[in-house]
Amino acid sequence: SRRLQARLAVAGSTALRLKPLRISGQLVETVEVVVPRRAIARGETLAQGDVAVERRPRDGQGTDIIGDARAAIDKVARRALLAGVPLRNGDVQREEIVAKGGLVTIVYEAPGLLITLRGRAGEAGAMGDVVSVPNPPSTRTLQGTVPGPGRVSVRPAIGRVASAN
């Protein structure tokens, strides 16, 4: 029932021995949540001073609430965020450094070989994300990792077996 009742006794207290102090209340389980300290606009990057960690009742909080400030700092707001409203995982994302449809340099690197060409990203991506990039000469779609702004690194396929048709 989460209800609490207790009787307080202090050794040597005549008053509390004659009339004990009674305490009653309700237990509330709390969790740490990250909340913006101010209103954050969509697309704005959250800094350390923009967020605070507060304790809130566990009831009513979803499972996707951010509980560690490090998970929100240096992330970009996906929508407008209100001050004091707990942040959810879907509210922030890593900063996209490759835009969908944006020009990128495709880099293919193998031992003794370096090929670069221009292309358009098939999807947006942040540092370390895997994105698809259509290869303009062959029209084949490549999968590559985003190592920096406007760049997609394609690695050689390991263990590929050529079919003998």
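Residues numbered from 1 in each chain as written. Predicted model: local features only at pLDDT ≥ 70, side-chain atom pairs only at ≥ 80, totals over all residues. Heavy atoms only, no water.

A word on a nonpolar patch on the surface
Taken together, Leu8, Val10, Leu21 and Ile23 make up a surface patch of nonpolar side chains, about 310 Å² in accessible area. On the secondary structure map, valine 10 appears in the loop between β1 (3-8) and α1 (14-18). (Patch = residues over 30% accessible without salt bridge, like charges linked within 9 Å, V, L, I, M, F, W, Y side chains within 5 Å. Areas by Shrake-Rupley, 256 points an atom, 1.4 Å probe, with all protein chains shown as cover. Salt bridge = Lys/Arg side-chain N within 4 Å of Asp/Glu carboxyl O. Helix = DSSP H or I, 4+ residues; strand = E, 2+ residues; numbered from the N terminus.)

Things to note about the confidence of the model for the protein
Low-pLDDT portions of the prediction should not be read for the details of their coordinates. Averaged over all residues, the pLDDT of the protein is 87; the fraction at 70 or higher stands at 95%. Below a pLDDT of 50 lies the segment residues 161-165, which in the model reaches 0 contacts outside its immediate sequence neighbourhood of four places, other chains included. (pLDDT = per-residue confidence, 0-100. Contact = heavy atoms within 4.5 Å.)

Here we look at the environment of arginine 2
By the element assignment, arginine 2 lies in the segment before β1. Sequence separation of arginine 2 and arginine 55 is 53 residues, and the distance between their C-alpha atoms is 18 Å. Not counting residues up to four positions away in its chain, the partners in contact with arginine 2 are Gly25, Gln26, Leu27 and Asp59.

Details of the environment of arginine 55
Following the sequence through the fold, arginine 55 ends up in strand β4 (residues 51-57). When the C-alpha positions of arginine 55 and valine 34 are compared, they lie 8.9 Å apart, and in sequence the two are 21 residues distant. For arginine 55, the contacting residues outside a window of four places in its chain are Thr30, Val31 and Glu32.

Describing the environment of alanine 47
Tracing the chain through its elements places alanine 47 in the loop between β3 (30-36) and β4. On the accessibility criterion, alanine 47 (37% relative accessible area) is partly exposed. Remark: the alpha-carbon pair of alanine 47 and threonine 14, spanning 33 residues in sequence, is separated by 56 Å. (Buried < 20%, exposed > 50% of the residue type's maximum accessible area, 1.4 Å probe, protein only.)

What about the pairing of strand β8 (residues 103-110)?
As defined by bridge partners, β8 adjoins strand β9 (residues 113-120) across 8 bridges and the pair is classed as antiparallel. Residue threonine 105 lies in a different strand from β9, and its bridge partner there is arginine 118. For β8 and strand β13 (residues 151-154), the ladder comprises 4 bridges, and the chain directions are parallel. Each residue of the ladder has a partner; that of isoleucine 106, found in β13, is valine 152. (Pairing = 2+ DSSP bridges.)

Observations regarding the sheet that holds strand β12 (residues 141-148)
Read from one edge of the open sheet, 5 strands run β9-β8-β13-β12-β11, paired in mixed fashion. Every other strand in the sheet has two partners, leaving β9 and β11 (130-134) as the edge strands with one partner each. Mean inter-strand twist for the sheet, computed between neighbouring axes without regard to direction, equals 40°. (Axes fitted to C-alpha atoms, helices over the stretch in contact; angles between N-to-C directions.)

A look at the nonpolar core
In terms of nonpolar packing, the biggest core is built from 11 residues, these being Val34, Ile40, Leu46, Val51, Ile66, Ala69, Ala72, Ala77, Leu81, Leu87 and Val92. In this structure isoleucine 40 touches Leu46, Asp50, Ala77, Arg79, Ala80 and Leu81, once residues within four positions along its chain are discounted. Counting residues in each nonpolar core, the second largest holds 10 residues, with Val98, Ala121, Val133 and Val154 among its members. (Core = buried A, V, L, I, M, F, W, Y, C linked by side-chain atoms within 4.5 Å.)

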